[in-house]
Structures are given as structure tokens and as C-alpha cells.
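Read off the chains here:
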Amino acid sequence: MSNDRLIDLRSDTVTKPDAAMREAMATAEVGDDVLDGDPTMRALEERAAQVLGMEAALWVPSGCMGNTIATALHLQRGDRFLAPRAAHVLDNELGAAAWLAGGMPEPLAWDAGPGRPSPAAVTAAAGTSGPYYRLRTRLLCLENTHNAAGGAVTPPEEYALLVAAAKEAGLKVHLDGARIWNAAAALAVKPAELTAGADSVQACLSKGLGAPVGSLLAGSRELIEEARRLRKMLGGGVRQGGVLAAAGMVALDRMDRLDEDHAAAKQLSAGLTDLGFTVRAPQTNIVLAQVPDLPFVLARLRASHVLASSMDGCARFVTHRDVSSTDITEALGRIAVSGCAPSS
Ligand SMILES: *Cc1c(COP(=O)(O)O)cnc(C)c1O
């Protein structure tokens, strides 16, 4: 392997559609999805609803749009919503949940583990209905896996208690399941087992599953009907969307191989630990390494043609279908001689 070949571990969003996916896109049956429907879009949305265990689903161009539509449907202007600290809806969507959906964000501490608030924290933050001028709390946003917590998984029993606490306090629940596929693979359960009780779920096709574009928003038939209107308002109605939905169909066939990404993350984590890095043991496909000088480390890696990103103050490496276990071995070899490993 040539030493200048780039090993891109910045994110699983860098995955490129392979020949089989491009073939499916090229031969997709299409219609006008804004006018009166596209058959491949319809097939994907039906399948997505089933896979996610919800009544109905809607394809959206991005996870951000899916989360924005969901929060806008659950909140009225000025309503508070709760989300674990550093959740994507809080930190990485340009404040759309406030700007477009009108929500007042309230971050919850990770008092139950990485990326996970406790049910008691949800109850306490939801508060009680006070005098008429009191802020109303309407929504709990959960994230599984939790990106900034290093792809941390919330198991179904713990998730069920969080949903129960939210419902008890009169809150709706939105699940940001951008990487719900990874959570399901890590727990060896079906994705639908991780969505019970949620009023809406967002799941990405364009990350580990390898589609070039697209996310799914799922919920009740009624919610998805309203979501379709909002999607159009936000500029997310696409005409011959079947070309993109066909990629999504192939993506959904690929859930089973995410275990390979998780194994690659463990391999990388073990190698980085051997090189003296302080690494949080990965539960899925994200490896976070605590480093004293983040810009220096990222620059040394870049000089070695290994790309990483920064997240929650750590160097972040994400494994995905376009890097093999041989690539990880190669990356570790380059890092060892890059001058940024603590043991070097
Ligand atoms: C990537 C991501 C999103 C947003 O998806 P885009 O398609 O990039 O807009 C939302 N939530 C989480 C947790 C993510 O990791």
C-alpha cells in the first residue's frame, strides 16, 4: 500500500456509493415525488417505517432537516425542549431547533453514563406546571448512538425508562437515531426495538450505511403527513427522488455489516492505547482520544495522510465501510512514526 493513500477517518459520512449502489440508482423507477409520488421513494418509505417500527416514514435530504421538522412539529414557539449535553440538535445544527422550530434548549447532564441522562434528571428538568407565565417544557430529544459521547449506546431498558419519565411529565419524545443502525448492531437487536414509545425518529442513510444522501423521519401517519408539508416548505421536496431512494434501499440492505466497523474501531482503539493515547473504549464506530494539543495532533496526522476530526475536545476517529482492517493497521503504523503519539 502506498504511503500517500489517504485514510479518511473524519466521519462515516465520507463513504462513497459503490458500483452496486450506483447501478441501483441508475436503473431506479422514478416519478414526480412532489406532484403525485415516486414509486421507489414510496417503497423506501414503507420499508423504513417497518424497519423503524413506526406507522409511516418520510425521506428527507438530511438528518438536520429530519430533526428540524420533528422539533418544529412537537414544539410551539417558546416551548422548552430537553436534550443530553452536546446532542447534535443542540450543538451541530446551527440552532435550527431554536431558530426554525422556536424551541428553548435545555441540555441535560450525562448523569447515567456517556451521553445518557437519567430518568430522574428528565423528570426534574421537565418541572411541574407552574403559574401561567412559566416556561412550558414539551419535548425530550434523545440521541442513540450519542455522537459527541463517542458513539455511546443507550440500551433498550434504559431508553424505555427515559421515555416513561418523559411521558409521565407530559413530554413528547424525538429520537435522533442518526446512527440507530450502529446502536442496533452493537446491541444485537432490531432497530425497531430501540424506538418504542418515540413520537418521531430520525435515522441517517448517508453515514455508515453508505448512501450519498438521505435520512428518514418516522412517526405516526398523521405526523408524517404534516412532516411532508414542512419538508416542502424547507425546500426538501425532490422530484425524481427515486434515484436517491434507490441508494437508500441498498443502504438498508447493509445494516448487517456494521459489526465490521465496530471491530475496526476496537482494533484502532487498542492500537492507539498501545501508542500511549488515552482512549475511551468504543461501543460502536467512533473512537475518541484525549490529547493535550488537539491542533498539533490533527496536523501531524494530516501530514501522515490520516484524517481525523475533533469532537468534545478529543481527536475523533470514525470507522466505516470504506476503510478496512488493513487500512487501520496501516494508519496505526503511520501514527506511530508521525511524532504525535505520546509514547514516541
Ligand atoms: C450526522 C448527524 C445528524 C445530521 O445528519 P446530516 O445528514 O449531516 O444533516 C443528526 N444527528 C446526529 C446524531 C448525527 O450524527
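Cut-offs used in this document
- Residues numbered from 1 in each chain as written.
- Predicted model: local features only at pLDDT ≥ 70, side-chain atom pairs only at ≥ 80, totals over all residues.
- Heavy atoms only, no water.
- Near = heavy atom within 4 Å.
- Polar contact = N/O pair within 3.5 Å; in protein donor to acceptor, adjacent residues only side chain to side chain.
- Helix = DSSP H or I, 4+ residues; strand = E, 2+ residues; numbered from the N terminus.
- Nonpolar A, V, L, I, M, F, W, Y, C, P; charged D, E, K, R; others polar.
- Axes fitted to C-alpha atoms, helices over the stretch in contact; angles between N-to-C directions.
- Parallel < 35°, antiparallel > 145°, perpendicular 65-115°, else oblique.
- Left-handed = near helix turned anticlockwise from the far one by under 90°.
- Contact = heavy atoms within 4.5 Å.
- Buried < 20%, exposed > 50% of the residue type's maximum accessible area, 1.4 Å probe, protein only.
- Core = buried A, V, L, I, M, F, W, Y, C linked by side-chain atoms within 4.5 Å.

(A) The site of the ligand, seen in detail. Taken together, 14 residues form the shell around the ligand, and within it Gly63, Cys64, Asn147, Asp176 and Lys207 come nearest. Contacts to the ligand include Cys64, whose backbone N or O atom sits 2.8 Å from an oxygen atom. In the model, an oxygen atom of the ligand is placed 2.7 Å from a nitrogen or oxygen of the Lys207 side chain. For the shell around the ligand, the elements supplying multiple residues, two or more each, are helix H3 (63-74) and strand E7 (200-204). Counting residues per element, the shell around the ligand draws most heavily on H3, at 3 residues. Taken together, the residues of the shell around the ligand sort by class into 3 nonpolar, 6 polar and 5 charged.

(B) Just the packing of helix H11 (residues 258-274) against helix H13 (residues 325-336), in detail. In contact at an axis separation of 10 Å, H11 and H13 are set at 20 degrees when each is read in the N-to-C sense. Relative to H13, H11 is oriented roughly parallel. The handedness of the crossing between H11 and H13 comes out as right-handed. For the pair formed by H11 and H13, the contact residues are Ala264, Gln267, Leu268, Gly271 and Leu272 on the first element and Ser325, Ile328, Thr329, Leu332 and Ile335 on the second. Here the residues of the contact of H11 with H13 are counted per class, giving 6 nonpolar, 4 polar and no charged.

(C) Highlighting unusual backbone geometry. Along the chain, Asn144 connects to Thr145 via a cis peptide bond; the corresponding omega equals 0 degrees. With respect to the helices and strands, the residue Thr145 is situated in the loop between strand E5 (137-143) and helix H7 (156-168). With a phi angle near 65 degrees, Ala86 is a residue other than glycine that sits in the positive phi range. Of note, the phi angle at Ala188 is positive, near 55 degrees, even though the residue is not glycine. In this fold, Ala188 is placed in the loop between helix H8 (180-187) and E7. Since its relative accessible area comes to 70%, Ala188 is described here as exposed.

(D) Local environment of the nonpolar core. Counting 48 residues, the largest nonpolar core has Leu52, Val122, Leu140, Trp181, Leu205 and Leu209 as its most contacted members. Residue contributions to this core peak at 6 residues, all from helix H2 (residues 39-52). Apart from residues lying up to four places away in sequence, Leu52 is in contact with Ile180, Trp181, Pro191, Ala192, Thr195, Ala203, Leu216 and Ala218. By size, the runner-up hydrophobic cluster in this structure holds 27 residues, among which are Phe317, Val323, Ile328 and Ile335.

So far we have only geometry, and geometry alone does not tell us how the molecule works.
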